[in-house]
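Observations on chain architecture
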Amino acid sequence: MARMLGAARGLLLLLAAAGLGLLLTRPPWPLAAAERLYQALAFRALAPVRPPHPRLVLIAITEATLDAYPYRSPVDRGFLAGLVDALAGAGVAAIGLDLLLDRTTEPAKDAALRQAIRRRAPPVVAITAGPETALEPARQRVLDGFLDGVATGTANLARDVFDGQVRWHLPQADGRPSLPVALAQAVGAAVPDQPFLIDWQRSAAGPVAPAYPAEAVPLLPAEWLRGRIALIGSMLPGSDEHRTPAAAFGKPSFGVEIHAQVLAQLLDGRAGAAAWWREPAALLLLAGLGLLAGARLAGRRFLLALAGLALGYPAAALAALAAGGAAWPGLGPVLAALLAGGGARAWRSRAERRDRQALRGLFSRFLGAEVAEALLRDRALFMAGGRPKPQELVATVLFSDIAGFTAICEALPPAPLIDWLDRYIDVMVAVSVAHGGVVLRFVGDGMLVVFGVPVPRPDAAGRAADAAAAARCALAMEQAMEALNAEWRAAGLPEAGLRIGIHTGPLVAGSLGRGERMEFCLLGDTANVGARLEQLGKQHGGGGRCTILVGEPTWRLLGGAFPGRRIGELSLRNRVAGLAAWRIDSGR
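Conventions used here
Residues numbered from 1 in each chain as written. Predicted model: local features only at pLDDT ≥ 70, side-chain atom pairs only at ≥ 80, totals over all residues. Heavy atoms only, no water. Helix = DSSP H or I, 4+ residues; strand = E, 2+ residues; numbered from the N terminus. Buried < 20%, exposed > 50% of the residue type's maximum accessible area, 1.4 Å probe, protein only. Contact = heavy atoms within 4.5 Å. Patch = residues over 30% accessible without salt bridge, like charges linked within 9 Å, V, L, I, M, F, W, Y side chains within 5 Å. Areas by Shrake-Rupley, 256 points an atom, 1.4 Å probe, with all protein chains shown as cover. Salt bridge = Lys/Arg side-chain N within 4 Å of Asp/Glu carboxyl O. Axes fitted to C-alpha atoms, helices over the stretch in contact; angles between N-to-C directions. Parallel < 35°, antiparallel > 145°, perpendicular 65-115°, else oblique. Left-handed = near helix turned anticlockwise from the far one by under 90°. Nonpolar A, V, L, I, M, F, W, Y, C, P; charged D, E, K, R; others polar. Pairing = 2+ DSSP bridges. Right-handed = clockwise from strand over helix to strand, strands pointing away. Expected span 1.5 Å × (residues − 1). Polar contact = N/O pair within 3.5 Å; in protein donor to acceptor, adjacent residues only side chain to side chain.

Next up on the list: the overall build of the chain. When you go through the chain residue by residue, the secondary structure sums to 18 helices and 25 strands. Relative to its 588 residues, the chain shows a buried fraction of 49%. Expressed as a percentage of contacts within the chain between residues at least 6 apart in sequence, the contacts between residues at least 24 apart total 75%.

Structure, rendered in structure tokens:
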């Protein structure tokens, strides 16, 4: 991946994709609603059903409770006092009163309730108005009178401004604890001081804890209540109802049920159970896999890999949830994978287009289909930054030149001369390309063809194959020259001969110039020797129209596969040592 994209660029793309996956699934972006819908569906369909919490019990004020009294609101204070006394008598561990006592009723009943909730064993925690709840001064005085000497907690719930659902819990508001936190403290449980995500639990009974009608408490077996924390609250339709992830596609959650969820989480030590690292880890993992797919794969395999990530990750996350694990984010990591994969593929495509342009500019049309495919497939071996990188390699060079071209130039006017030379070049390029050669350049009537570039040949077998391809190409050029001579003879045009020099050895390959002026080049003695061998064809011709001379390294690689004869040690300019050379005979 780093080789394809670059380490810094790959890391930047990884972080950008993960960041966008996180950002775009947050409000106010539309995908936030889709993410929350996914979470709600997952919880509704797959979250495991757990037994009711063993340390909690809900005491519900229902329609049946209110039917026994002449007025519905406020709840009869005498009944509430008796309810608190009954729970205390059953041996509950603590009592939470999720009813705001901000109105007076009958004085005797009010006094009885004040006395009941001031008890210390079991401790009673009543709700008070949160900082965002403004009460009239008279009602605030009534509330203060009821709560004088009573432990209190706020009942205000943190609603999401995006969709109004209750997802987070605030342990404190303006220095005052929440009702669940105050109850947890009353029984000695540790409580956090920072907001935390509510870890919703599904219970077979519906709420997280068993719920009993308030009027039935005196009839319940004491063991159903003993040692539990009892939360008294309204479960009246249309009153104190809230939207929560646990209530999606169903009835809203009552406030007392939400307090019970939070209290269960506190008692179990699960406050903050949705670890902060879970979402970043999923985002980075999926972004990394998408980046890897984009950098390594293409076409259908790339699309299949992205589809596998887009479907496989949610399936794994849902399976983990169904098995009792934590809820993982759904859309953000998938989006990060798609963004990273698409970004990597786009960058790779850009690099491929750049390399293709560079290859076209360097080798133009003088490249066979098989060689071109090999170049594109293995371009990482020889391309860097949109140009061939300098490297040492072993290749076979073929220099060809027209024998007697000076006389032809003198015999033909300019226009026919150019036509004659174009015909020669077209035929010889076609022959060279057909044999896997790379036509690098023309110098007048001379032509340079190389076998084994720009993709290096690391093994002896490959180098031998290049040498054999060069020899076959030279013989095919001889045949093509005979056909051209017959064509020119029939047209009354001058005929010509051909000299070819072939040599194998080490070269430095690379590019010179930049942009449109960039040119692939070969440096080293091997190219010079090939050119000298072609020139020596004037002295060591075999009597025919075509002379093919090869240096000793090439002849060894050919291994006797071609007929020929040794013409001795040749002295080449600028070389101290002589060179053994052979002439390949075509048999004509």
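A word on a nonpolar patch on the surface. Side chains of Leu20, Leu23, Trp29 and Leu339 sit close together on the surface and give an oily, nonpolar patch of about 340 Å² of accessible area. Look at Leu23 and you get partly exposed, because its relative accessible area is 44%.

As a further point, take unusual backbone geometry. Cis geometry is found at the peptide bond from Pro27 to Pro28, where omega equals 10°. If you trace the backbone, Pro28 turns up in the loop between helix H2 (7–23) and helix H3 (30–46). Here the bond from Ser73 into Pro74 is cis, since omega is -5°, no more than 30 degrees from zero. As for its position among the elements, Pro74 is in the loop between helix H4 (63–66) and helix H5 (77–90). Positive phi outside glycine occurs at Asp174, with the angle close to 55°. Inspection of the secondary structure puts Asp174 in the loop between strand S8 (172–173) and strand S9 (176–177). With a phi close to 50°, Asp240 is a non-glycine residue in the positive phi region. Within the element layout of this structure, Asp240 appears in the loop between strand S13 (229–234) and strand S14 (241–242).

With that settled, the discussion passes to the packing of H3 against helix H11 (residues 299–322). Viewed as axis vectors pointing N to C, H3 and H11 meet at an angle of 45°, and their least axial separation amounts to 10 Å. In terms of axis orientation, H3 runs oblique to H11. Of the two possible hands of crossing, H3 and H11 adopt the one that is right-handed. Contact with H3, carried on its side by Tyr38, Ala42, Phe43 and Leu46, involves Pro314, Ala317, Leu318, Leu321 and Ala322 of H11 and no other residues of that element. Taken together, the residues that form the contact of H3 with H11 break down as nine nonpolar, no polar and no charged.

Across the sheet, three strands lie side by side as S6-S7-S10; this open sheet has antiparallel pairing. Because the sheet does not close on itself, it has two edges, and the strands there are strand S6 (158–159) and strand S10 (196–197). Summarising the sheet, strand S7 (residues 166–169) and S10 pair through two bridges and their orientation is antiparallel. Each bridged residue has a counterpart across the sheet, and for Trp168 the counterpart in S10 is Leu197.

Turning to the sheet that holds strand S2 (residues 56–61), a few remarks are in order. Strand order across the open sheet formed by six strands is S5-S4-S3-S13-S2-S12, with parallel pairing between neighbours. The outermost strands of the open sheet, each flanked by one partner alone, are strand S5 (151–154) and strand S12 (211–213). The mean angle between the axes of side-by-side strands here comes to 25°, regardless of whether they run parallel or antiparallel. Summarising the sheet, strand S3 (residues 94–98) and S13 pair through five bridges and their orientation is parallel. Across the sheet, Ile95 pairs through a bridge with Ala230, a residue of S13. Each of S3, strand S4 (124–128), S5 and S13 is contacted by helix H8 (residues 179–186), which is oriented at about 165° to S3, the strand it contacts most.

Here we take up the environment of Val394. Position of Val394 among the secondary structure elements: in strand S18 (residues 391–403). What Val394 contacts, discounting residues up to four positions off in sequence, is Gly452, Arg463, Thr504, Gly505 and Pro506.

Pairing of S4 with S5, which is carried by four bridges, proceeds in the parallel orientation. Directly across from Ala126, in S5, lies its bridge partner Thr152. Viewed along the sheet, the connection from S4 through helix H7 (residues 137–147) into S5 turns out right-handed.

Next up on the list: the pairing of strand S20 (residues 446–451). Most of S20 is tucked away, with six of its six residues classed as buried. Alternating positions in S20 separate into two faces, Gly446, Leu448 and Val450 on one and Met447, Val449 and Phe451 on the other, with burial throughout. Across five bridges, the pairing between S18 and S20 is antiparallel. Of the residues in S20, the one forming a bridge with Val397 is Val450. Relative to S20, strand S19 (residues 438–443) runs antiparallel, the two sharing five bridges. Bridging from a neighbouring strand, Val443 pairs with Gly446 of S20. Adjacent in sequence and paired antiparallel, S19 and S20 are bridged by two residues, among which Gly444 carries a positive phi angle near 65°.

So, on to the environment of Gly299. Here Gly299 is to be found in helix H11. Exposure remark for Gly299: the relative accessible area of 44% places this residue in the partly exposed category. For the pair formed by Gly299 and Arg345, sequence separation is 46 residues and the distance between their alpha carbons is 9.8 Å.

Tracing the backbone through its elements, the reader meets Thr62 in the loop between S2 and H4. A relative accessible area of 19% means that Thr62 is categorised as buried. Ignoring sequence-local partners within four residues, the contact set of Thr62 consists of Glu215 and Leu236.

In a regular helix each residue adds 1.5 Å, so 19 residues correspond to 27 Å; helix H10 (residues 278–296) covers 27 Å between its end C-alpha atoms and thus fits that length. Burial in H10 covers these residues: Arg278, Glu279, Ala282, Leu283, Leu286, Ala287, Gly290, Leu291, Ala293, Gly294 and Ala295.

Tracing the sequence through the fold places Arg270 in the loop between helix H9 (255–267) and H10. With 71 residues separating them along the chain, Arg270 and Asp199 place their C-alpha atoms 7.6 Å apart. Setting aside chain neighbours within four positions, we find Arg270 in contact with Asp199, Gln201, Ala264 and Gln265. Separated by 3.4 Å, the side chains of Arg270 and Asp268 make a polar contact.

Moving on, we come to H3. For H3, built from 17 residues, the straight-helix expectation of 24 Å at 1.5 Å per residue is met to within 8% by its first-to-last C-alpha distance of 24 Å. What H3 keeps buried is the set Ala32, Glu35, Arg36, Tyr38, Ala40, Ala42 and Phe43.

With that settled, the discussion passes to the pattern of salt bridges. Opposite charge on two side chains lets them pair, provided their charged atoms get close. By the definition in use, this model includes 23 salt bridges. As a salt-bridge pair, Asp76 and Lys109 come within 2.8 Å of each other at their nearest N and O atoms. With Asp76 in the loop between H4 and H5 and Lys109 in helix H6 (residues 107–117), this residue pair connects regions lying 33 residues apart in the sequence. Of the charged contacts, one joins Asp585 and Arg565 as a salt bridge, the two residues approaching to 3.2 Å between their closest N and O atoms.

Coordinates in, geometry out; function isn't part of it.
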